[in-house]
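Observations on the three-dimensional arrangement
Listed below are the residues making up each chain.
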Amino acid sequence: MGQTALAGGSPRTPASRALYSDLSYPQGLEELLSAPLPDLGTQRRHGWNPKDCSENIEVTEGGLCFERRPVAQSTDGVRGKRGYSRGLHAWEISWPLEQRGTHAVVGVATALAPLQADHYAALLGSNGESWGWDIGRGKLYHQTKGAEAPQYPAAPQGELLEVPERLLVVLDMEEGTLGYAVGGTYLGPAFRGLKGRTLYPAVSAVWGQCQ
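Residues numbered from 1 in each chain as written. Predicted model: local features only at pLDDT ≥ 70, side-chain atom pairs only at ≥ 80, totals over all residues. Heavy atoms only, no water.

1. As for the overall build of the protein chain
- Per the secondary structure count, the protein chain includes two helices and 13 strands.
- Within the protein chain, residue pairs in contact and separated by at least 24 positions form 66% of the contacts whose partners lie at least 6 positions apart.
- Element-wise, carbon and sulfur atoms account for 47% of the exposed surface of the protein chain, whose accessible area totals about 9800 Å². (Helix = DSSP H or I, 4+ residues; strand = E, 2+ residues; numbered from the N terminus. Contact = heavy atoms within 4.5 Å. Areas by Shrake-Rupley, 256 points an atom, 1.4 Å probe, with all protein chains shown as cover.)

Here's what the structure looks like:
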């Protein structure tokens, strides 16, 4: 996690700019992504927090990776070590397609968001303390459940984007937006109105032994 260059997407799932209506980069994003990668120590200081996760999550590699234990009927999450209230931030998530299961959600959360539920669900975004994109279903969650969840990105023909293994999360706390990029293409803001909060990178997962 941390500042990173845009990941190269899967060749079978192109994210064409022609499909999406709001592709304006947050101010400063191109400069941020063209900067040298942060050193390993910096990445770990901004990595996953072993003290702020579900009991079914094990954080490894100094915070660069986590593994969910295979516990039935449980959804489990983890927060990053650093929360952000100002500035522009981008971090890369690597999540293999075969390890996502039914609810693989990537986004941000406040320090108050729950990180475990005794059922399978899109935990991230299930209440007012978190915001998440289910990268398998293509749905956005913030105080949203089931059929109420909007599709992202909102392609004109309703196509579901197949999200490759690597994706970029883009949090702009100056504008109060959260967006995502895949295959070198920024997909536009997914959420707005985030100013005035302190938000941590977060994910929630249901697949046993996903990393």
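2. Examining the pattern of salt bridges
- With the rule as written, the count across this model stands at five salt bridges.
- Residue Arg-86 is joined to Glu-174 by a salt bridge in which the shortest nitrogen-to-oxygen separation is 3.1 Å. A residue pair is termed long-range when its members are at least 10 positions apart, and Arg-86 in the loop between strand S4 (75-80) and strand S5 (88-94) and Glu-174 in the loop between strand S10 (166-172) and strand S11 (177-182) qualify at 88 residues.
- A residue is classified by how much of its surface remains accessible, and Arg-86, at 60% relative accessible area, is exposed.
- The partner of Asp-134 in a salt bridge is Arg-137, and the shortest N-O contact between them spans 3.6 Å. (Salt bridge = Lys/Arg side-chain N within 4 Å of Asp/Glu carboxyl O. Buried < 20%, exposed > 50% of the residue type's maximum accessible area, 1.4 Å probe, protein only.)

3. Comments concerning the confidence of the model for the protein chain
- This prediction gives the protein chain a mean pLDDT of 86; 88% of its residues lie at or above 70.
- The spread of mean pLDDT over the elements of the protein chain runs between helix H1 (residues 29-34), the lowest at 89, and strand S6 (residues 105-109), the highest at 98.
- In the model, residues 1-22 has pLDDT below 50 throughout and makes 64 contacts with residues more than four positions away in sequence or in other chains. (pLDDT = per-residue confidence, 0-100.)

4. Some details on the side chain of Ser-204
- Along the chain, Ser-204 turns up in strand S13 (residues 200-205).
- Reaching out from Ser-204, the side chain makes a polar contact with the backbone nitrogen of Leu-124 at a distance of 3.2 Å.
- Contacts of Ser-204, omitting those with residues within four sequence positions, involve Thr-75, Asp-76, Gly-77, Trp-95, His-103, Ala-104, Val-105, Ala-122, Leu-123 and Leu-124. (Polar contact = N/O pair within 3.5 Å; in protein donor to acceptor, adjacent residues only side chain to side chain.)

5. Re the side chain of Ser-74
- Relative to the helices and strands, Ser-74 is located in the loop between strand S3 (65-68) and S4.
- Exposure remark for Ser-74: the relative accessible area of 2% places this residue in the buried category.
- At a separation of 3.3 Å, a polar atom in the side chain of Ser-74 contacts the side chain of Asn-56.
- At a separation of 2.9 Å, a polar atom in the side chain of Ser-74 contacts the side chain of Gln-116.
- Apart from residues lying up to four places away in sequence, Ser-74 is in contact with Asn-56, Arg-68, Gln-116, Ala-117, His-119, Tyr-120, Ala-205 and Val-206.

6. Points about the pairing of strand S8 (residues 130-134)
- The buried fraction of S8 amounts to five of the five residues, a majority that puts the element mostly inside the structure.
- With burial as the criterion, each face of S8 is covered, one bearing Ser-130, Gly-132 and Asp-134 and the other bearing Trp-131 and Trp-133.
- The sheet contact formed by S6 and S8 spans five bridges and is antiparallel. Within S8, the residue paired with Ala-109 across the bridge is Ser-130.
- The antiparallel hairpin formed by S8 and strand S9 (residues 139-141) contains four residues in its connecting segment, where Gly-138 sits at a positive phi of about 70°. (Pairing = 2+ DSSP bridges.)

7. Focus: unusual backbone geometry
- The omega torsion of the bond from Tyr-152 to Pro-153 falls at -10°, within 30 degrees of zero and hence cis.
- If you trace the backbone, Pro-153 turns up in the loop between S9 and S10.
- Of note in this structure, Gln-73 is not a glycine but carries a positive phi near 50°.
- For Gln-73, a relative accessible area of 47% corresponds to the partly exposed category.
- Positive phi is not limited to glycine here, since Gln-209 has a value of about 65°.
- On the secondary structure map, Gln-209 appears in the segment after S13.

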